[in-house]
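Here is how the chains run, residue by residue.
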Amino acid sequence: AQKVTQAQTEISVVEKEDVTLDCVYETRDTTYYLFWYKQPPSGELVFLIRRNSFDEQNEISGRYSWNFQKSTSSFNFTITASQVVDSAVYFCARSQGNLIFGKGTKLSVKP
Amino acid sequence: DTGVSQNPRHKITKRGQNVTFRCDPISEHNRLYWYRQTLGQGPEFLTYFQNEAQLEKSRLLSDRFSAERPKGSFSTLEIQRTEQGDSAMYLCASSWAGPYEKLFFGSGTQLSVL
């Protein structure tokens, strides 16, 4: 199976720290998309970003940034100046018709 | 846009009983997906529909599971003869047609089989 691996099960930081969530994926496809979703305690998965395999430019959206490197099959997510509201489980996923998700990283941001 | 709606939010049942969940997708979306999520795991794909056609089913979807989307709008997921291993959060998502579209998720139905 072509997996998505999120090696960090849990991360705990203090507010205002920067934090990077790692994602490594496997694929034999030349065209694919990668996603990040956030799952707050309420449970509903919230879409954060989608990137296609031909666009390796880093992307920044406010305090969030994403680093996509095909050479290492990685799509890492950085939160700058973390806030308590960032506490959630974050999932990386790869498209395969449907989405294949990693196991998630639980981020706890303490005040 | 009212989002993806799932009912019920919680379901407690006894082993051996049948249960049915409903999902109402975003109205203009062609695709509807069912996922299952257990504690500490990511969502696992079960099946998806494009309009009323069920296009793919995971090997996770045993014979006791059946999903329908009769008019290409809402969908139901039925589990027959429930087992304790079926306890999980069942998530529904919808999207526009296409293999790379982002999915919009509902809040899920939490199933507990006693």
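About the thresholds
- Residues numbered from 1 in each chain as written.
- Chains lettered and ligands numbered in written order.
- Predicted model: local features only at pLDDT ≥ 70, side-chain atom pairs only at ≥ 80, totals over all residues.
- Heavy atoms only, no water.
- Disulfide = S-S within 2.5 Å.
- Helix = DSSP H or I, 4+ residues; strand = E, 2+ residues; numbered from the N terminus.
- Buried < 20%, exposed > 50% of the residue type's maximum accessible area, 1.4 Å probe, protein only.
- Core = buried A, V, L, I, M, F, W, Y, C linked by side-chain atoms within 4.5 Å.
- Contact = heavy atoms within 4.5 Å.

Undergrad: Just give me the short version of the state of the cysteines, but keep the residues and values in it.
TA: Applying the stated criterion across every chain yields a total of 2 disulfides over all chains. Across the disulfide from Cys23 of chain A sits Cys92 of chain A; the S-S distance is 1.9 Å. The sign of the S-S torsion, about -65°, decides the handedness of the disulfide formed by Cys23 of chain A and Cys92 of chain A: left-handed. Residue Cys23 of chain A is located in the loop between β3 (19–21) and β4 (24–25), and its partner Cys92 of chain A is located in strand β10 (residues 88–96); the two are separated by 69 residues in the primary sequence. We classify Cys23 of chain A as buried; its relative accessible area is 0%. Look at Cys92 of chain A and you get buried, because its relative accessible area is 1%. Bridging Cys23 of chain B to Cys92 of chain B, the disulfide has an S-S length of 1.8 Å. Between Cys23 of chain B and Cys92 of chain B, the S-S torsion sits near -70°, and that sign places the bridge as left-handed. With Cys23 of chain B in strand β3 (residues 19–24) and Cys92 of chain B in strand β9 (residues 88–95), this pair connects stretches of sequence that are 69 residues apart. Here Cys23 of chain B matches Cys92 of chain B in class, with each residue buried.

Undergrad: Before we move on, can you summarise unusual backbone geometry with the specific residues and values?
TA: Most peptide bonds are trans, and most residues other than glycine sit at a negative phi. Cis geometry marks the peptide bond from Asn7 of chain B to Pro8 of chain B; its omega dihedral reads -10°. By the element assignment, Pro8 of chain B lies in the loop between β1 (5–7) and β2 (10–13). Backbone geometry at Ala81 of chain A places phi at a positive 50°, although glycine is not the residue there. For Ala81 of chain A, the position within the fold is in the loop between β9 (74–79) and β10. Residue Ala81 of chain A is classed as partly exposed on the basis of its relative accessible area, which comes to 31%. Notably, Asn51 of chain B is not glycine yet its phi reads approximately 55°, a positive angle.

Undergrad: Can you tell me about the nonpolar core, naming the residues and giving the values?
TA: Trp36, Phe77, Tyr90 and Leu107 of chain A are the most contacted members of the largest nonpolar core, which has 22 residues in total. Every element with two or more residues in this core is listed here: β2 (10–14), β3, β5 (33–39), β8 (64–69), β9, β10 and β12 (105–110) of chain A. Those residues in contact with Phe77 of chain A that sit more than four places away from it in its chain are Val19, Thr20, Leu21, Trp36, Leu48, Tyr64, Ser65, Trp66 and Tyr90 of chain A. Listed in part, the 19 residues of the second largest apolar core include Val19, Phe21, Trp34 and Ile79 of chain B.

Geometry only, nothing functional implied.
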